[in-house]
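So the chains spell out like this:
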Amino acid sequence: MATIRLELVTPDKGEVLSKDIDMLIVRSTAGELGILPRHARLLTELLPHAMRVKTGANEDLVAIGGGFMEVTPEQITILADSAELPDGIDVDRAKAAMKRAEERIAEYKRATKDSLIDIDRANKALARAKARLLVKHVTF
Amino acid sequence: MANLQNIRRRIRSVKSIQKITNAMDMIARSRFNAARDTLLSNIPYVEKTREILTRLMTQMNSSESESPFIMSRQELIEAQGRTDGKFLFLVIASDKGLAGAYSSNVFKEAHATIEYDGTSPTGESKEENFHKQNVDALKNMTGIDADQLRAQKSFAKAGGRRTPNKTVNVAQEYHDADYIEGIELITVGRKATGHFKQRGYNIIKNYSGISERPSYQYAKEIADLIIERFMSGEIIDVTMIYTRFNSAISCTPDDVTLLPLVTDDYPSENNAKEEYIYEPDVVSVLNDFLPRRIATRIYGAMLHSAASELSSRMNAMSNATDNAQELVGKLNLYYNKVRQAGITNEINEIVGGANALE
């Protein structure tokens, strides 16, 4: 069966992942996308989430902190703001980050309209923390 | 005869200078290692972004460019005819000196690019530098349209010299306000700011204190400023000049055209264009991707510059330390010669005195 090359790069860690895979499932701003080999050319923005990389019977999870994805028939290139493989994730830190983000969002909901909380940032932080925990198979 | 005390003093001062240069060398060395590591882990990201941009541009049809950043050369010429646009340059140099020819190399390249008037041979074609093509295109505007004539005149002010046959050097143009009118500059680093301010350029914004340890935040700020200026319609071309870090002993100045993206510069390899699918739609994806690409490119350039600066300083300082060592050796030799000459003299005097008494 044909495979497709996946290249994942971040600004501060360089090439995080570079391998041939069977299928990639990501969450873009327009919804979930499954990419198989020989996909049509595509350019989209990604949300912070845990993307699923399928190779044979294996399924690996990679935490992505938002970014862009370009697909050509032979290759998927992901420009991620941040990316973590399961080994590189600190569960306690992710849990703390999630708690912080949840508190901020709760505070935002309680507060009046002109609160100083950046709700977009808090939402993104929450999504990132959730993605990290998901990758580690930690329930929250 | 040279005074022994004077020589001693000189030796001491050379030695203390050597201590300073040696310390600066070591500081630069440790910072350089950090800067190089950051740079090396950033390179793949910038490279991939460029690859995507190139692929995107080759598939792009000039007619349906829905982003304000993408246009064909013909549209560029038309836009210039309408708006009389200026050229914007971003020059990245250092805050501090003592880095050999690092800053002056950047300035040399900057002047060559800024003052390019289409008369010098364009044998060299750099991968990401389309400024010269833009200038050439704008220079060769034809027709007797009033708008175009005006634009052509403004071009003469901006990039081309009104007397192209005469070579005018920069020093003669220090206060030539007309010449500098069509150019805006953004400078990073105190050295660059000082250099261009002295020469009467219009610096719309300068940054200092960020060149040695660049952060993405500043790159984003610069990118936002550039985009804002470009969107205002007053700017026709944005080019960045920085120092590319090739290796610890080789750094070359480089220029990159950030805006606009001209479709003619990305010729399609095969005529069959495979259209991209954009999720959710072209405009929103490109409006997110292109500004991001500019900020990424600036950040990458800042990292390149920082690593180049530190490696230049490292080389300059280790050379200075070696030279000081050599000088101390020479002075020591001289000092001993003078000392021995003095002793010999004294012995001669004593012997002469003793002989005279007999």
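Parameters and conventions
- Residues numbered from 1 in each chain as written.
- Chains lettered and ligands numbered in written order.
- Predicted model: local features only at pLDDT ≥ 70, side-chain atom pairs only at ≥ 80, totals over all residues.
- Helix = DSSP H or I, 4+ residues; strand = E, 2+ residues; numbered from the N terminus.
- Buried ≥ 20, exposed ≤ 12 C-beta atoms within 10 Å, placed from the backbone.
- Contact = placed C-beta atoms within 7 Å.
- Pairing = 2+ DSSP bridges.
- Core = buried A, V, L, I, M, F, W, Y, C linked by C-beta atoms within 7 Å.
- Domains from an automatic or database assignment.
- Nonpolar A, V, L, I, M, F, W, Y, C, P; charged D, E, K, R; others polar.
- Axes fitted to C-alpha atoms, helices over the stretch in contact; angles between N-to-C directions.
- Parallel < 35°, antiparallel > 145°, perpendicular 65-115°, else oblique.
- Left-handed = near helix turned anticlockwise from the far one by under 90°.
- Expected span 1.5 Å × (residues − 1).
- Arc of directions from axis to C-beta.

## Observations concerning the overall build of chain B
Line of reasoning, step 1. Secondary structure assignment for chain B yields 9 helices and 8 strands.
Line of reasoning, step 2. Expressed as a percentage of the 358 residues in chain B, the buried residues total 35%.

## Some details on the overall build of chain A
Line of reasoning, step 1. Looking only at helices and strands, chain A features 2 helices and 8 strands.
Line of reasoning, step 2. Dimensions of chain A, computed from the C-alpha atoms along their principal axes, are close to 55 × 30 × 25 Å.
Line of reasoning, step 3. For chain A, the proportion of its 140 residues judged to be buried stands at 34%.
Line of reasoning, step 4. Long-range pairs, those at least 24 residues apart, make up 53% of the contacts in chain A between residues at least 6 apart in sequence.

## Some remarks on the pairing of strand 5 (residues 42-55) of chain A
Line of reasoning, step 1. For strand 3 (residues 23-28) of chain A and strand 5 of chain A, the ladder comprises 4 bridges, and the chain directions are antiparallel. In the strand pairing of strand 5 of chain A, Ser28(A) is matched with Leu46(A).
Line of reasoning, step 2. Of the pairings in the sheet, the one linking strand 5 of chain A to strand 8 (residues 277-279) of chain B comprises 3 bridges and is parallel in character. Counted as the bridge partner of Thr44(A) is Glu279(B) from strand 8 of chain B.
Line of reasoning, step 3. In this antiparallel pair of consecutive strands, strand 5 of chain A and strand 6 (residues 58-71) of chain A, the connection spans 2 residues, and Gly56(A) shows a positive phi of 60 degrees.

## Notes on the environment of Gly209(B)
Line of reasoning, step 1. Within the fold, Gly209(B) resides in the loop between strand 4 (202-207) and helix 8 (216-231).
Line of reasoning, step 2. Spatially, the C-alpha atom of Gly209(B) lies 8.5 Å from that of Val188(B), the residues being 21 residues apart in sequence.

## Some words on the nonpolar core
Line of reasoning, step 1. Among the nonpolar cores identified, the biggest contains 100 residues, and Phe89(B), Val91(B), Ile92(B), Ile226(B) and Ile298(B) are the most heavily contacted of them.
Line of reasoning, step 2. Examining the composition of this core, we find that 17 residues originate from one element, helix 9 (residues 282-357) of chain B, more than from any other.
Line of reasoning, step 3. Structurally, this core is a two-domain feature, drawing no fewer than three residues from each of domain 1 (4-84) and domain 2 (89-135) of chain A.
Line of reasoning, step 4. When residues no more than four places from it in sequence are discounted, the contact partners of Ile226(B) are Leu88(B), Leu90(B), Val238(B), Leu258(B), Leu259(B) and Ile294(B).
Line of reasoning, step 5. Core analysis: the second largest hydrophobic core is formed by 5 residues, Ala94(A), Ala125(A), Ala129(A) and Leu133(A) among them.

## Quick look at the interface of chain A and chain B
Line of reasoning, step 1. Each partner contributes to the interface: chain A provides 22 residues, whereas chain B provides 22 residues.
Line of reasoning, step 2. Those elements that provide at least two residues to the side of chain A that touches chain B are strand 1 (4-10), strand 2 (14-21), strand 5, strand 6 and strand 7 (75-80) of chain A.
Line of reasoning, step 3. Tallying contributions element by element places strand 5 of chain A first for the side of chain A that touches chain B, with 4 residues.
Line of reasoning, step 4. The residue makeup of the side of chain A that touches chain B, split by class, is 8 nonpolar, 7 polar and 7 charged.

## A closer look at the pairing of strand 6 (residues 250-259) of chain B
All names here are of chain B.
Line of reasoning, step 1. Burial runs high along strand 6: 8 of the 10 residues are buried.
Line of reasoning, step 2. Relative to strand 6, strand 5 (residues 235-247) runs antiparallel, the two being bridged by 9 bridges. From the neighbouring strand, Ser247 faces strand 6, where its bridge partner is Ser250.
Line of reasoning, step 3. The hairpin turn running from strand 5 into strand 6, its antiparallel successor, is 2 residues long.

## Looking at the sheet that holds strand 4 of chain B
Residue and element names in this part refer to chain B.
Line of reasoning, step 1. Spatial strand order, 4-3-2-5-6: 5 strands in an open sheet with mixed pairing. The open sheet has two edge strands, strand 4 and strand 6, and neither has a second partner. For this sheet, the mean inter-axis angle between neighbouring strands, taken without regard to orientation, is 20 degrees.
Line of reasoning, step 2. Bridge count for strand 3 (residues 183-188) against strand 4 is 5 bridges, and the pairing is parallel. The partner of Leu185 across the bridge, within strand 4, is Ile203.
Line of reasoning, step 3. Its contacts with the sheet put helix 3 (residues 102-114) on strand 2 (86-92), strand 3, strand 5 and strand 6, and the angle it makes with strand 5 is roughly 145 degrees.

## Looking at the domain arrangement of chain A
Residue and element names in this part refer to chain A.
Line of reasoning, step 1. For chain A, the assigned domains read domain 1 (4-84) and domain 2 (89-135).
Line of reasoning, step 2. Averaged C-alpha coordinates put domain 1 and domain 2 at centres separated by 24 Å.
Line of reasoning, step 3. Facing 11 residues of domain 1, the contacting portion of domain 2 comprises 8 residues.
Line of reasoning, step 4. Counting only elements with at least two residues in the side of domain 1 that touches domain 2, the list comes to strand 5 and strand 6.
Line of reasoning, step 5. No other element matches strand 6, which puts 6 residues into the side of domain 1 that touches domain 2.
Line of reasoning, step 6. Tallied by class, the residues present in the side of domain 1 that touches domain 2 amount to 7 nonpolar, 3 polar and 1 charged.

## Some details on the packing of helix 1 (residues 4-59) of chain B against helix 9 of chain B
Residue and element names in this part refer to chain B.
Line of reasoning, step 1. As a packed pair, helix 1 and helix 9 sit with axes 5 Å apart at the nearest point and diverge in direction by 160 degrees. Taken together, the axes of helix 1 and helix 9 are roughly antiparallel relative to one another. The crossing of helix 1 and helix 9 is left-handed.
Line of reasoning, step 2. Looking at the contact of helix 1 with helix 9 residue by residue, the classes come out as 27 nonpolar, 14 polar and 11 charged.

## A closer look at helix 8 of chain B
All names here are of chain B.
Line of reasoning, step 1. Between its first and last C-alpha, helix 8 extends 22 Å over 16 residues, near the 22 Å set by a 1.5 Å rise per residue.
Line of reasoning, step 2. By the burial criterion, the buried members of helix 8 are Ala219, Ile222, Ala223, Ile226, Ile227 and Phe230. Projected onto a plane normal to the axis of helix 8, the buried residues spread over an arc of 135 degrees and lie on a single side. Exposed residues on helix 8 whose side chains face more than 90 degrees from its buried face are Gln217, Glu228 and Met231.

## Focus: the environment of Glu103(A)
Line of reasoning, step 1. Its location among the elements puts Glu103(A) in helix 1 (residues 91-110).
Line of reasoning, step 2. Spatially, the C-alpha atoms of Glu103(A) and Asn58(A) are 36 Å apart, while their sequence positions differ by 45 residues.

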